[in-house]
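Observations on the model geometry
Listed here are the chains, written in short residue letters.
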Amino acid sequence: MAYSEQVIDHYENPRNVGKMNDQDDNIGTGMVGAPACGDVMRLQIKVSDDGVIEDAKFKTYGCGSAIASSSLVTEWVKGMTLDQAQELKNTTIAEELALPPVKIHCSVLAEDAIKAAVADYKEKQAKK
Ligand code: FES
Ligand code: FES
């Protein structure tokens, strides 16, 4: 199966790989796994006081499409509000990366990860 140019670009030059301090109140962490293949993705967001995502980092143990999907999402969510980030659809990611049908679940992982990161951030705020 051939990877698209976009997948190869993100795979070879992943954006925003890294880790942020999970203990900080302004950090939301989403950690999700794909039952289909066992791949794991961690996506983190740093949120400003007025609810805008200032920074995003990811670490993905998985296939090229999963790495590309998470790399792309970290680029996209910077500058978004939490609501906007929560509305990100895997279909938009899959389209941008020209993912073939067998790799659609890789983009689902990225959608699930950003949703989980937003949920984690909101939970932390609620506990404050
Ligand atoms: Fe996910 Fe190969 S199936 S890395
Ligand atoms: Fe499973 Fe890509 S995340 S093959």
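Calculation notes
- Residues numbered from 1 in each chain as written.
- Chains lettered and ligands numbered in written order.
- Predicted model: local features only at pLDDT ≥ 70, side-chain atom pairs only at ≥ 80, totals over all residues.
- Heavy atoms only, no water.
- Core = buried A, V, L, I, M, F, W, Y, C linked by side-chain atoms within 4.5 Å.
- Buried < 20%, exposed > 50% of the residue type's maximum accessible area, 1.4 Å probe, protein only.
- Helix = DSSP H or I, 4+ residues; strand = E, 2+ residues; numbered from the N terminus.
- Contact = heavy atoms within 4.5 Å.
- Axes fitted to C-alpha atoms, helices over the stretch in contact; angles between N-to-C directions.
- Parallel < 35°, antiparallel > 145°, perpendicular 65-115°, else oblique.
- Left-handed = near helix turned anticlockwise from the far one by under 90°.
- UniProt positions renumbered as here; feature names shortened; annotations may be inferred.
- Pairing = 2+ DSSP bridges.

What to know about the nonpolar core
The nonpolar side chains of a soluble globular protein tend to be buried with one another. Within the largest apolar cluster, 33 residues are counted, with the highest numbers of intra-cluster contacts made by I45, V73 and V77. Within the residue set of this core, elements represented by two or more residues are strand 2 (40-47), strand 3 (53-61), helix 2 (64-77), helix 3 (82-86), helix 4 (90-97) and helix 5 (104-127). In terms of residue count, helix 5 provides more of this core than any other element does, eight residues in total. Those residues in contact with V77, other than ones at most four positions away along the chain, are I45, I53, A56, A85, L88 and I114.

With respect to the packing of helix 2 against helix 4
Helix-helix packing is described using two parameters, namely the angle between the two axes and the distance between the axes. At a minimum axis distance of 10 Å, the contact between helix 2 and helix 4 shows a crossing angle of 110°. Viewed along their axes, helix 2 and helix 4 adopt a mutual orientation that is roughly perpendicular. In the crossing of helix 2 with helix 4, the sense of the turn from one axis to the other is right-handed. Of helix 4, the residues touching helix 2 (which contributes S65, A68, S69, L72, V73 and W76) are T92, I93, E96 and L97.

Things to note about the UniProt feature "domain: NIF system FeS cluster assembly NifU N-terminal" (unreviewed entry) in the protein
Under the local residue numbering, the UniProt record ascribes the feature "domain: NIF system FeS cluster assembly NifU N-terminal" (unreviewed entry) to residues 2-127. As annotated, residues 2-127 has a helix share of 47% and a strand share of 19%, and its two end C-alpha atoms lie 46 Å apart.

Topic: the sheet that holds strand 2
Note: strands within a sheet are paired through backbone hydrogen bonds, in either parallel or antiparallel orientation. Strand order in the open sheet made by the three strands is 1-2-3, with antiparallel pairing throughout. Pairing within the sheet leaves two strands with one partner each, and these edge strands are strand 1 (27-33) and strand 3. Averaged over all adjacent pairs, the angle separating strand axes in this sheet is 15°, with direction ignored. Sheet topology note: the strand 1/strand 2 ladder contains seven bridges and is antiparallel. Across the sheet, residue I27 finds its bridge partner in strand 2, namely K46. The strands that helix 2 touches are strand 2 and strand 3; relative to strand 3, the one it contacts most, it runs at about 175°.

Thoughts on unusual backbone geometry
One non-glycine residue, N16, adopts positive backbone phi at about 65°. As for its position among the elements, N16 is in the loop between helix 1 (5-12) and strand 1. Judged by its relative accessible area of 18%, N16 falls in the buried class. Even without a glycine there, the phi angle at A98 is positive, about 55°. When you line up the elements, A98 lands in the loop between helix 4 and helix 5.

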